[in-house]
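Here is what each chain is made of, one letter per residue.
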Amino acid sequence: MEAAAALPEDKYFQENPKPVYLDSLIEQTRAFLNTHDKDEKIVLVTSGGTSVPLESNTVRFIDNFSAGTRGASSAEQFLFKGYRVIFLHREFSLQPFNRHFIRTKNLNFLDYFNAEGQIDEKYLDDIKSMKSMAEKYKDALLMLPFTTVNDYLWSLRSIAKLLNNNNAMFYLAAAVSDFYVPYGKLPEHKIQSRSEFQDKSEGKVNKSGQLILDLDPVPKFLRKLVQNWANKSMIVSFKLETDEDLLITKAKQALKNYNHQLVIGNILSTRHKEVVVLSEEEESEHWIKISDETLKNHSIEEFIIEDITKRHEKWMSNDN
Ligand SMILES: CC(C)(COP(=O)(O)O)[C@@H](O)C(=O)NCCC(=O)N[C@@H](CSSC[C@H](N)C(=O)O)C(=O)O
């Protein structure tokens with residue numbers, strides 16, 4: 001059977017309804033932009049994985065892996081570099097500053113407190129220092145959540161149109177679904193596990209009780225972002241692979257296909273320790289690698305953002 005062709009980006013937005021909260025997200029973004037000079041450096045950091053609901057009243061969904069570490073840690077580094085940050089993140093994924101106390105090895109929320117309900121002495125300094133940093137940067141950080149790939153695409157397009165300027169950077173670390181169930185094909189109610197209980201029009205479970213998934217490709221929104229929505233901004237996308245043999249080729253292909261400024265390639269299993277930066281200008285691959293020793297007291301995002309912000313300075317001075 002012929003693979004379904006991806007909807008052209010504009011058609012996607014005609015056929016898949018906007019999230020109910022989109023107008024409020026746009027208002028929040030406008031208000032955030034209005035509280036600062038328009039030529040101040042700003043970055044949209046996307047973070048976490050998008051989900052693909054299988055029913056409108058969602059019981060089942062397909063998720064994209066991402067803890068949100070890359071995005072949340074990068075957001076912190078951008079703030080330290082004087083950027084304002086719009087953090088478009090998967091709801092409940094890791095967040096700047098808070099991330100240091102969530103999903104840490106063998107430590108749960110209540111482990112930070114003693115029997116009297118006070119913060120345990122041994123964690124007090126860390127918590128106080130993170131709290132003061134979160135306070136210091138709170139006015140420079142706008143937190144905007146998404147859940148589904150549809151939430152993400154509508155939000156990205158709306159924010160991009162407001163941000164489009166050469167002092168703005170797009171740092172696309174979110175793990176975005178490549179396949180989805182178009183709104184017109186989405187069953188309204190929970191798919192029944194036994195075919196005799198489901199409305200024949202859903203046809204998701206066959207006679208042998210197998211769940212048959214029929215997903216369409218997500219439109220290649222990166223092209224629209226580069227050529228239209230944010231054509232004045234510097235755009236950094238991430239290429240995620242699990243097979244090392246594919247990484248460089250796929251990252252170069254993305255750069256060629258979309259004509260944006262940077263692709264950061266990473267392998268799922270080594271993403272905390274090494275990435276490769278490929279730019280439209282340089283032919284060579286620029287690897288950023290950190291040792292296990294360095295990783296004890298630093299994050300790779302410190303080195304990534306150091307590199308990326310230097311490139312953005314150049315980009316802005318060339319008055320692109
Ligand atoms: C998700 C991770 C690996 C971080 O992990 P955590 O720290 O655990 O959060 C991130 O570094 C990354 O590669 N993010 C990007 C992953 C991704 O989905 N990249 C897309 C490109 S952007 S999705 C755009 C669409 N497919 C298109 O081509 O237009 C891809 O590889 O294909």
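Residues numbered from 1 in each chain as written. Predicted model: local features only at pLDDT ≥ 70, side-chain atom pairs only at ≥ 80, totals over all residues. Heavy atoms only, no water.

Colleague: Please explain the UniProt feature "domain: DNA/pantothenate metabolism flavoprotein C-terminal" (unreviewed entry) in the chain as it appears in this structure.
Modeller: UniProt records the feature "domain: DNA/pantothenate metabolism flavoprotein C-terminal" (unreviewed entry) at residues 40-96 and 198-294, using the numbering of this structure. Along residues 40-96 one finds 21% helix and 33% strand; the C-alpha atoms at either end are 21 Å apart. (UniProt positions renumbered as here; feature names shortened; annotations may be inferred. Helix = DSSP H or I, 4+ residues; strand = E, 2+ residues; numbered from the N terminus.)

Colleague: Explain the pattern of salt bridges to me, please; I cannot follow it from the model alone.
Modeller: One pass over the full model with this rule turns up 24 salt bridges. Ionic pairing is found between Arg-30 and Glu-27, a salt bridge with its closest N-O pair at 3.0 Å. Of the two residues, Arg-30 and Glu-27 are both situated in helix α2 (residues 22-34); the distance of 3 residues between them amounts to about one turn of the helix. Glu-306 is paired through a salt bridge with Lys-81; the nearest N and O atoms lie 2.3 Å apart. Separated by 225 residues along the polypeptide, Glu-306 in helix α9 (residues 300-317) and Lys-81 in the loop between α3 (69-80) and β4 (84-90) bring together distant segments of the chain. On the basis of relative accessible area, Glu-306 is assigned to the partly exposed category, the value being 31%. Members of the salt-bridge network, linked through shared partners, are Lys-81, Glu-306 and Lys-310. (Salt bridge = Lys/Arg side-chain N within 4 Å of Asp/Glu carboxyl O. Buried < 20%, exposed > 50% of the residue type's maximum accessible area, 1.4 Å probe, protein only.)

Colleague: Would you mind showing me how to read the nonpolar core here?
Modeller: Across soluble globular proteins, you tend to see nonpolar side chains buried next to one another. Counting residues in each nonpolar core, the largest one holds 48 residues, and the members touching the most others are Ile-86, Tyr-152, Leu-156, Leu-163, Phe-170 and Leu-225. If one sorts the elements of this core by residue count, helix α5 (residues 149-163) sits on top with 8 residues. Excluding its chain neighbours within four sequence positions, the residues that come into contact with Phe-170 are Leu-44, Leu-156, Ala-160, Leu-163, Leu-225, Ala-230, Ser-233, Met-234, Ile-235 and Val-236. Core analysis: the second largest hydrophobic core is formed by 34 residues, Ala-72, Ala-75, Val-236 and Ile-304 among them. (Core = buried A, V, L, I, M, F, W, Y, C linked by side-chain atoms within 4.5 Å. Contact = heavy atoms within 4.5 Å.)

Colleague: Would you explain the site of the ligand in this entry?
Modeller: Surveying the vicinity of the ligand reveals 20 residues, the closest of which are Ser-66, Gly-68, Arg-70, Asp-178 and Asn-266. One nitrogen or oxygen atom from the side chain of Asn-266 is found 2.6 Å from an oxygen atom belonging to the ligand. Within the residue set of the shell around the ligand, elements represented by two or more residues are α3, α6 (221-229) and β9 (234-241). Residue classes in the shell around the ligand are distributed as 11 nonpolar, 4 polar and 5 charged. (Near = heavy atom within 4 Å. Polar contact = N/O pair within 3.5 Å; in protein donor to acceptor, adjacent residues only side chain to side chain. Nonpolar A, V, L, I, M, F, W, Y, C, P; charged D, E, K, R; others polar.)

Colleague: Just checking my understanding: could you explain the sheet that holds strand β12 (residues 286-289) for this structure?
Modeller: For sheets, the rule is that strands pair by backbone hydrogen bonds, running either parallel or antiparallel. The strand order β5-β4-β1-β6-β9-β10-β11-β12 describes an open sheet built from 8 strands, whose pairing is mixed. Where the open sheet ends on each side, the last strands, each with one partner, are β5 (141-146) and β12. Sheet twist, expressed as the mean angle between neighbouring strand axes with direction ignored, is 15°. Note that strand β10 (residues 262-267) and strand β11 (residues 274-279) share 4 bridges and pair antiparallel. Across the sheet, residue Ile-264 finds its bridge partner in β11, namely Val-277. Its contacts with the sheet place helix α7 (residues 244-258) against β9, β10, β11 and β12, and it is angled at close to 165° to β10. (Pairing = 2+ DSSP bridges. Axes fitted to C-alpha atoms, helices over the stretch in contact; angles between N-to-C directions.)

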